[in-house]
Protein chains: 4
Amino acid sequence: MDQENQSDTTASNFVAIDTGRLETFSEGVFAIAMTLLVIEISVPHIGNESEGTTLFGALIEEWPSYLAYVISFLGIGILWANHHNRFRYIARSDPGLIFLNTIFLMCVGFFPFSTALLSEYMRSAERTTAVAVYSGTLATPLIVFTLIWLYASRNYRLIDFNLDPALLRKMTRRYMLATALHIFTFALAFVSAPLSIALLVGLAMRLALPESETPPHTGGSQP
Amino acid sequence: MDQENQSDTTASNFVAIDTGRLETFSEGVFAIAMTLLVIEISVPHIGNESEGTTLFGALIEEWPSYLAYVISFLGIGILWANHHNRFRYIARSDPGLIFLNTIFLMCVGFFPFSTALLSEYMRSAERTTAVAVYSGTLATPLIVFTLIWLYASRNYRLIDFNLDPALLRKMTRRYMLATALHIFTFALAFVSAPLSIALLVGLAMRLALPESETPPHTGGSQP
Amino acid sequence: MDQENQSDTTASNFVAIDTGRLETFSEGVFAIAMTLLVIEISVPHIGNESEGTTLFGALIEEWPSYLAYVISFLGIGILWANHHNRFRYIARSDPGLIFLNTIFLMCVGFFPFSTALLSEYMRSAERTTAVAVYSGTLATPLIVFTLIWLYASRNYRLIDFNLDPALLRKMTRRYMLATALHIFTFALAFVSAPLSIALLVGLAMRLALPESETPPHTGGSQP
Amino acid sequence: MDQENQSDTTASNFVAIDTGRLETFSEGVFAIAMTLLVIEISVPHIGNESEGTTLFGALIEEWPSYLAYVISFLGIGILWANHHNRFRYIARSDPGLIFLNTIFLMCVGFFPFSTALLSEYMRSAERTTAVAVYSGTLATPLIVFTLIWLYASRNYRLIDFNLDPALLRKMTRRYMLATALHIFTFALAFVSAPLSIALLVGLAMRLALPESETPPHTGGSQP
């Protein structure tokens, strides 16, 4: 009995290290993508020739940059929180997970570009294109995220064996619904850019709400 | 009795991993925000046409960039040290903490912009605006920090249950005082920019001083 | 007997911390190199003077940037996965490993430059040079990687003592073959740029496939 | 006796977590500073008007950028390896260490600027200034490093209590010698830039060599 415990510990240690490196790596991409967002906000240049313009006025004029910064920072933050939540249930790693996770991070890494695009064209006649690209940038990682979940949870391939099947089904439904809503938002951008942005913000808030989930119960109660 | 110990270990492991990822992620944002600061320092271009200008002179001329770099690096360093100290007492994570921490990191990630603004306008007539924005960039994360502490410490929601109530009250008072002083500094920027900067530096030094706190005593001495 | 176990634990803890820091550090360079790739994609500027050009058209026009982003992100992702796999077998660190790993990371950190070069010259007459540089950027870290493996595995210098000698030989052969193929691809760029790129993509997919390797068996089964 | 062991474990865990966060954070700054170096290498623009210039020729022309990239990457790598080695002996953290470490990281974060400066002026008449700044950028963190070591090792303030006093003295002498040599190199830049660079490279190689040190012996041999 003592021996069994030991082998169990060895196995779980091996697994912990494995998803550990995957998570540390993903953490890095999330953190850098967020922090690079600030690069799109440029310091205004008030020359001698620009009469009547104050620095204060020039800074106010740049509001689309700040708005895009805030939306993207929170957007990536929500993706991070979801990643964080889901990897609590994913206990093992394999090449398929690493591949899908890389595709996911590639989408996260695209945010600084879409954010700069959104902040530059938010007030122009071309805003439909910019908002569509931005919505797509938000929708794509969520689709990949659903693929990650379906891949990892199928027949308990990579997730914690102690996860309650009912909770698993509930989570899967929730993730697929969120994905469907984001694809709808993406399509909506071609009809009405402001409505698409408003729905994006609403969805972001919904996703940020606590999930009424219980932590995985690890180990039986009776010896 | 042996069983109780085991369940206790499981619980604390779960928690450790949880705040662990939050801290690793925050670490990344701190480190990147600090390291991106250097981008605002531009290499001077000494062409053939600029007679009499040496590279040495051009580098000296850029002193506001170096000063802004040093202030911001230390400023983010102090925010990091505070984050580091406080999360030693925060033992559990929840969606509210993740949300507030994201807002906090959004403020930290804004530093490279404010720093570039400060270094460009430190010597111009527009320095009041630049210093006010900079003070605001320093004051805002401190306000969010106080919210994080109030949220986490209220009824021991997320902090270590072994933390002495007297110490907890002392820390809360300390954090609220620091916040009030920074809001005052922010307001002062509109009256006198140099005074506001001087007070910022003073406060930074005060915050950098060791806290006379004892580490959380984990576990009773007698079984 | 109990004492032996303890000393063994101490030793492996020491080692774990050691390669742990090396891996965390490498993780950071991988994550940053990947996320910096996005900087090469510039936001198109549609002025009043550019008649008939839509933002959508201008974005489509930038396809080499997106392609280069995707290839490089996956390329660094594959290098990461390989690093991840190999360091599962490397159990100890020494100055030689740290030096070789730094050279390896220096190659990884060069990707944003090669990617920007590739995306700018992919459609020009100078694409042979750009593709050759890019192939070289992909081949060089793989050569260094083989050197790391030969250094670490020679006489079990740094690798896990429990690794099966047959598996070790198989892995060594596999890594040397991959390296040889990449050097061939590099040479091919001077003959035909498109063929070289196609082979690169093919190799990338091969490397991304799961290795049919068994995890290191730690500890005997019978006490 | 069993109880003593347990309290000992608790204490060392606390300490491990503490320097752990400091090291993760430093890791991030090292990794980002290294990876940002690539930004100074610009993609050459071959327009229609530049007759007779090939991309290959333009890339060759940029050799000072590659040289500066390699020197700085290895330079930061060596600082990292030293940090890595020394923090193996530093077992506890305090505000003084955090402050000195932040100053140290501020120097590391300055490398991308000095590197860009060096690569731009390496071939110009102003190279003395550029090399002096670069030497200073390399010498300053080493001086701060010596301060960190003197601070941490004084009366075993923060270092491992099991560290052999003879080894400690040897390490202290070694670090102070390296610092003195770098200050000399810095001064030499004003006399002869090429000689200063050559000495820098030589010192870098010396520092990269394995230290003939034994790992800290943790725990007595007999119970």
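Please read all numbers here as calculations on a predicted model, not as lab measurements. Counting restarts for each chain: residues are numbered from 1 in the order of the written sequence. Written order determines the labels here, with chains lettered from A and ligands numbered from 1. It should be noted that, the model being predicted, local features are given only for residues of pLDDT at least 70 and side-chain atom pairs only at 80 or more, the latter also being counted only at that level, while totals for whole chains, interfaces and linings use all residues. With hydrogens and water stripped out, all remaining heavy atoms of the structure feed into the side-chain values.

Draft legend 1. Seen up close, the overall build of chain A. The numbering of helices and of strands both runs from the N terminus, where a helix is a DSSP run of H or I of at least 4 residues and a strand a run of E of at least 2. A tally of helices and strands in chain A yields 8 helices and 0 strands. Going residue by residue from the N terminus, the α and β elements of chain A occur as α-α-α-α-α-α-α-α. Buried positions account for 53% of the 223 residues belonging to chain A. When checking whether two residues touch, look at their non-hydrogen atoms; a contact exists if any pair is within 4.5 Å. Sequence-distant contacts in chain A: of pairs separated by 6 or more residues, those separated by 24 or more amount to 76%. For the exposure calls, accessible area comes from a 1.4 Å probe over protein chains only, and a residue counts as buried if that area is under 20% of its type's maximum, exposed if over 50%, partly exposed in between.

Draft legend 2. Region of interest: the relation of the copies chain C and chain D. Least squares is used to superpose the copies, and the fit set is the C-alpha atoms of residues whose pLDDT is at least 70 in both copies. Screw-axis analysis of chain C against chain D gives a translation of 0.0 Å along the axis, an RMSD of 0.0 Å, and a rotation angle of 90°. Taken together, the rotation angle and the small translation identify this as a four-fold axis. For chain C, the smallest separation between a C-alpha atom and the rotation axis is recorded for Gly28 of chain C, amounting to 4.4 Å.

Draft legend 3. Highlighting the interface of chain C and chain D. Residue-level contacts link 32 residues of chain C with 42 residues of chain D. Summed over both partners, the interface of chain C with chain D comes to about 3,100 Å²; 75% of that surface belongs to carbon and sulfur atoms. When a carboxyl oxygen of Asp or Glu is within 4 Å of a side-chain nitrogen of Lys or Arg, the pair counts as a salt bridge. At the surface where chain C touches chain D, the tally comes to 0 salt bridges. Distance and chemistry together define a polar contact, namely a pair of N or O atoms within 3.5 Å, with one atom able to donate a hydrogen and the other to accept it when in protein, and with adjacent residues in sequence counting only for side-chain atoms on both sides. Taken together, the links from chain C to chain D amount to 7 residue pairs in polar contact (both at pLDDT 80 or more). If you tally residues by element for the side of chain C that touches chain D, the top one is helix H1 (residues 2-36) of chain C, at 13 residues. For this scheme, ten residues count as nonpolar: Ala, Val, Leu, Ile, Met, Phe, Trp, Tyr, Cys and Pro. Four count as charged, namely Asp, Glu, Lys and Arg, and the remainder, Gly too, count as polar. Of the residues contributing to the side of chain C that touches chain D, the split by class is 21 nonpolar, 7 polar and 4 charged. Throughout, buried area stands for the accessible area (probe radius 1.4 Å) lost by two parts on being put together, summed over both.

Draft legend 4. Just empty space enclosed by the protein, in detail. Using only the protein atoms, space was sampled on a 1 Å grid; points where a 1.4 Å probe fits but cannot get out form cavities, open sets with protein on both sides within 12 Å along at least five of seven lines form pockets, and lining residues are those with an atom within 4 Å of a point. Grid points are joined across faces, edges and corners, and a volume is the space filled by probe spheres set on the points. This model, assessed by the stated rule, comprises 5 cavities of 30 Å³ or more. Each pocket or cavity is described by its volume, and for the largest cavity that value is around 250 Å³. Gly28 of chain A, Gly28 of chain B, Gly28 of chain C together with Thr24 and Gly28 of chain D are the residues nearest the centre of the largest cavity, which is lined by 23 residues in total. Mapped onto the lining of the largest cavity, the elements with two or more residues apiece are helix H1 (2-36) of chain A, helix H1 (2-36) of chain B, H1 of chain C together with helix H1 (2-36) of chain D.

Draft legend 5. Broad picture of unusual backbone geometry. The residue Tyr156 of chain B is not glycine, and still its phi comes out positive at about 55°. Checked against the element boundaries, Tyr156 of chain B lands in the loop between helix H6 (127-153) and helix H7 (165-188). For Asn155 of chain D, which is not glycine, the phi torsion reads 55° and is therefore positive. In this fold, Asn155 of chain D is placed in the loop between helix H6 (127-153) and helix H7 (165-188).

Draft legend 6. Looking closely at a nonpolar patch on the surface. All names here are of chain A. Together, Ile143, Leu147, Leu150, Met176 and Ile183 line one region of the surface with nonpolar side chains, adding up to about 390 Å² of accessible area. At the level of elements, helix H6 (127-153) and helix H7 (165-188) are the ones that each hand at least two residues to the nonpolar patch. If one sorts the elements of the nonpolar patch by residue count, H6 sits on top with 3 residues. Tracing the backbone through its elements, the reader meets Ile183 in helix H7. Using a relative accessible area of 41% as the deciding quantity, one classes Ile183 as partly exposed. Patch criteria: residues need more than 30% relative accessible area and no salt bridge. Like-charged residues are merged within 9 Å; nonpolar side chains of Val, Leu, Ile, Met, Phe, Trp and Tyr are merged within 5 Å. Exposure was quantified through the Shrake-Rupley algorithm and a 1.4 Å probe, taking into account, for residues, occlusion by the shown protein chains and nothing else.

Draft legend 7. The arrangement of the relation of the copies chain B and chain A in detail. In the superposition of chain B on chain A (RMSD 0.0 Å, axial shift 0.0 Å), the rotation amounts to 90°. A share of only 9% of interface residues in chain B that are also interface residues in chain A marks the association as one of differing surfaces.

Draft legend 8. The packing of H6 of chain B against H7 of chain B, seen in detail. All names here are of chain B. Comment: axis = line fitted to C-alpha atoms, over the contacting stretch for helices; angle = value between 0 and 180 degrees taken between N-to-C directions. H7 packs onto H6 with a crossing angle of 160° between their chain directions and a minimal axis gap of 9 Å. On the basis of their axis angle, the class for H6 and H7 is roughly antiparallel. Two packed elements cross with a definite hand, and for H6 against H7 that hand is left-handed. From H6, Ala132, Ser135, Gly136, Leu138, Ala139, Leu142, Ile143, Thr146, Trp149, Leu150 and Ser153 reach across to H7, where they touch Leu168, Met171, Thr172, Tyr175, Met176, Thr179, His182, Ile183, Thr185 and Phe186. Among the residues forming the contact of H6 with H7, the class breakdown is 13 nonpolar, 8 polar and no charged. Comment on the angle field: the value is read as roughly parallel under 35 degrees, roughly antiparallel over 145, roughly perpendicular from 65 to 115, and oblique elsewhere. Here a crossing is taken to be left-handed if its near helix is turned anticlockwise relative to the far helix by less than a right angle, and right-handed if that turn runs clockwise.

Draft legend 9. How the structure looks around the pattern of salt bridges. Residue and element names in this part refer to chain A. Summed over all chains, the structure comprises 4 salt bridges over all chains. The closest approach of N and O atoms between Glu61 and Arg123, which form a salt bridge, is 3.6 Å. In this pair, Glu61 is assigned in helix H2 (residues 55-61) and Arg123 in the loop between helix H5 (111-121) and H6, connecting sequence segments 62 residues apart.

Draft legend 10. Region of the structure containing the interface of chain B and chain A. If you look at the interface, chain B gives 32 residues, while chain A gives 42 residues. Taken over both partners, the interface formed by chain B and chain A buries close to 3,100 Å², and the fraction arising from carbon and sulfur atoms is 75%. When the buried area of chain B at its contact with chain A is split by residue, Arg21, Phe25 and Phe113 of chain B rank highest and sum to 25% of it. Residue contributions to the side of chain B that touches chain A peak at 13 residues, all from H1 of chain B.

Draft legend 11. H5 of chain A, seen in detail. For H5 of chain A, the tally of buried residues reaches 10 of 11 residues, placing the bulk of the element in the interior. The complete set of buried residues in H5 of chain A reads Phe111, Pro112, Phe113, Ser114, Thr115, Ala116, Leu117, Leu118, Ser119 and Tyr121 of chain A.

Draft legend 12. Here's a closer look at the packing of aromatic side chains. By convention, a stacked pair of Phe, Tyr or Trp rings (six-membered ring in the case of Trp) has centres within 6.5 Å and planes under 30 degrees apart, an edge-to-face pair has planes over 60 apart, and any other such pair is tilted. The full count for this structure, using the stated rule, is 44 aromatic pairs over all chains. Pairing Tyr69 of chain D with Phe73 of chain D gives two aromatic rings, centres 5.6 Å apart and planes at 50°, and the pair type is tilted. Of this pair, Tyr69 of chain D and Phe73 of chain D both sit in helix H3 (residues 63-87), 4 residues apart, roughly one helical turn. Residue classification places Tyr69 of chain D among the buried positions, given a relative accessible area of 2%. Site record: aromatic cluster; members linked through ring pairs are Tyr66, Tyr69 and Phe73 of chain A together with Phe110 and Phe113 of chain B. For a Lys NZ or an Arg CZ to count as sitting over a ring, it must be within 6 Å of the ring centre and within 35 degrees of the ring normal. Here Arg86 of chain B stacks its cationic end above the ring of Phe145 of chain B, 3.9 Å away from the centre of that ring. The ring centre of Tyr175 of chain D lies 3.1 Å from the NZ or CZ of Arg86 of chain D, which sits over that ring.

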